[in-house]
Amino acid sequence: MDRLYYDQELSKRLPKTHGGDDVLIPALMNTFGPVAFLNEPLLKYRKHGAQDSNRTHLSLGIVNTYKTLRRFAGKLPEREQVAPLLDSHIARFTAQHEIIHTTTPQLTPAARAKLKKLFDKACRALEQNSQAAPPLLPLRIFLSQTRKYGDEIFQALTAPGEEHPTATHALFHWACMRQAQKNLLAPLPEGSHIVILGSALVSALLINEARERNLNVLCCIDSNITRQHQTMLGTPIRPPEWLKSQGKAVDYVILSSERDQDAYLHEFIHSLNPDAKTLSWKDLALDQEFYSRQRLRPITD
């Protein structure tokens, strides 16, 4: 791609963008002219254990993909509007890379300061394009969880438009809860034993939220083989099959996916352990009264 676009040889090592080719190739074409977009599925997506998404690095390829897009943006007439949006995504996934690969329960002061500096830089560009704000929502939540910063974290916090996906609206509501000093997992009884499905940035935010609520995070479970048997923020990451042997030892499994696939994930967890209740972080963020109405109680023998 660099050879085609920048007329450079491939002798030097290029940044890893595995998983981003389906984005980068149309983006490259878009620098030469408009690309038609069909907003409807043309093929069904088959899910299976050996699919590429279960072997892809959760952050490095994404960060480098956005950095490559940032280079493409310099050739666009709308670059002053596009650049802040891409910078926010770079900040978001750089933060994800730093956080999810931290094995200790907390980031070092130096790492935390690095993320705050990255956040501040991205926020300064919001005056050029307010649409660059949503990608920074997870970083706002994380920085508030450190309790090292004040209301400055929530400056320029604006509601996303209707065109944004469910996860973006849920992140906004979660950020508002943090600003009001409320905890996302408040509906769960203290001392509950929970497992988090996933090990990306939202999972890390849920670990911090659970500890603040005095919940016992047993582990994260993830089908991505690059994440299994690792540790994130002091929490072990196990294969999903681990859940089969736990029975009633797990009170709740919290779904951390940002995609709109919760119905499938509820069924997936139920197939592994029918005794564990499944909760979606998005539902908790968007409707705090929902789980109160469900009369959640800790599971007892």
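What follows covers helix 7 (residues 166–179). Quick reminder: α-helices carry 3.6 residues per turn. Residues three or four places apart thus point the same way. The terminal C-alpha atoms of helix 7, which comprises 14 residues, lie 20 Å apart, in line with the 20 Å expected from a rise of 1.5 Å per residue. Burial in helix 7 covers these residues: Ala-167, Thr-168, Ala-170, Leu-171, Phe-172, Trp-174, Ala-175, Met-177 and Arg-178. Phi for Gln-181, located one or two positions after helix 7, is positive at around 60°.

Time to look at the environment of His-89. Tracing the backbone shows His-89 in helix 4 (residues 79–100). Between the C-alpha atoms of His-89 and Ile-62, which are 27 residues apart in sequence, the distance is 9.2 Å. Look past the residues within four positions of His-89 in its chain and what remains in contact with it is Tyr-66 and Pro-135.

Moving on: the pairing of strand 1 (residues 193–197). The element strand 1 is largely enclosed, with a buried count of four among its five residues. Examined bridge by bridge, strand 1 and strand 2 (residues 216–221) share five bridges and lie parallel to one another. The residue of strand 2 that forms the bridge with Val-195 is Cys-219. In this view, the connection linking strand 1 to its parallel neighbour strand 2 by way of helix 8 (residues 201–212) has right-handed handedness. The sheet contact formed by strand 1 and strand 5 (residues 252–255) spans four bridges and is parallel. When the bridges of strand 5 are listed, Leu-197 appears paired with Leu-255.

Within a beta sheet, neighbouring strands are joined by backbone hydrogen bonds and run either parallel or antiparallel to one another. With mixed pairing, six strands are arranged side by side in an open sheet as 3-4-2-1-5-6. Edge positions in the open sheet fall to strand 3 (231–232) and strand 6 (277–280), since each of these has one partner strand only. Strands strand 1, strand 2, strand 3, strand 4 (235–238) and strand 5 of the sheet are contacted by helix 8, whose axis makes an angle of about 165° with strand 1.

So, on to the confidence of the model for the protein. For the protein, per-residue confidence averages 84 on the pLDDT scale, and 82% of positions sit at 70 or higher. Below pLDDT 50 for its whole length, residues 1–12 participates in 18 contacts with residues either more than four positions away or in separate chains.

Following the criterion strictly, the structure yields three aromatic pairs and no others. With 5.8 Å between their ring centres and 45° between their planes, Trp-174 and Trp-281 make a pair best called tilted. With Trp-174 in helix 7 and Trp-281 in helix 10 (residues 281–286), the pair connects residues that are 107 residues apart, well separated along the chain. Each member of the pair Trp-174 and Trp-281 is classed as buried. Here Tyr-264 and Phe-268 contribute two aromatic rings whose centre-to-centre distance is 6.3 Å and whose plane-to-plane angle is 15°, an arrangement assigned as stacked. You can see Tyr-264 and its partner Phe-268 sitting in helix 9 (residues 262–272), four residues apart, about one turn around the helix. Owing to a relative accessible area of 39%, Tyr-264 belongs among the partly exposed residues under this scheme. Across from the ring centre of Phe-93, 4.6 Å away, lies the NZ or CZ of Arg-92, which sits over that ring.

Of the two faces of strand 5, the one carrying Tyr-252 and Ile-254 and the one carrying Val-253 and Leu-255 are both buried. Where strand 5 meets strand 6, four bridges bridge the pair, whose relative direction is parallel. Across the sheet, residue Tyr-252 finds its bridge partner in strand 6, namely Lys-277. In terms of handedness, the path from strand 5 via helix 9 over to strand 6 forms a crossover that is right-handed.

Attention now goes to the pattern of salt bridges. Counted by the stated rule, this structure contains ten salt bridges. Measuring nitrogen to oxygen at the nearest pair gives 3.4 Å for the salt bridge that ties Glu-98 to Lys-114. Here Lys-114 lies in helix 5 (residues 109–124) and Glu-98 lies in helix 4, a separation of 16 residues in the sequence. What makes Lys-114 partly exposed here is its relative accessible area of 45%. For the salt bridge of Asp-262 with Lys-282, the shortest nitrogen-to-oxygen distance reads 3.2 Å. With a gap of 20 residues between them, Asp-262 in helix 9 and Lys-282 in helix 10 connect regions that are remote in the sequence. The same class applies to Asp-262 as to Lys-282, namely buried. Members of the salt-bridge network, linked through shared partners, are Arg-147, Arg-178, Glu-209 and Glu-212.

About the cut-offs
- Residues numbered from 1 in each chain as written.
- Predicted model: local features only at pLDDT ≥ 70, side-chain atom pairs only at ≥ 80, totals over all residues.
- Heavy atoms only, no water.
- Helix = DSSP H or I, 4+ residues; strand = E, 2+ residues; numbered from the N terminus.
- Expected span 1.5 Å × (residues − 1).
- Buried < 20%, exposed > 50% of the residue type's maximum accessible area, 1.4 Å probe, protein only.
- Contact = heavy atoms within 4.5 Å.
- Pairing = 2+ DSSP bridges.
- Right-handed = clockwise from strand over helix to strand, strands pointing away.
- Axes fitted to C-alpha atoms, helices over the stretch in contact; angles between N-to-C directions.
- pLDDT = per-residue confidence, 0-100.
- Phe/Tyr/Trp six-rings, centres within 6.5 Å; stacked < 30°, edge-to-face > 60°.
- Lys NZ or Arg CZ within 6 Å of the ring centre and 35° of its normal.
- Salt bridge = Lys/Arg side-chain N within 4 Å of Asp/Glu carboxyl O.

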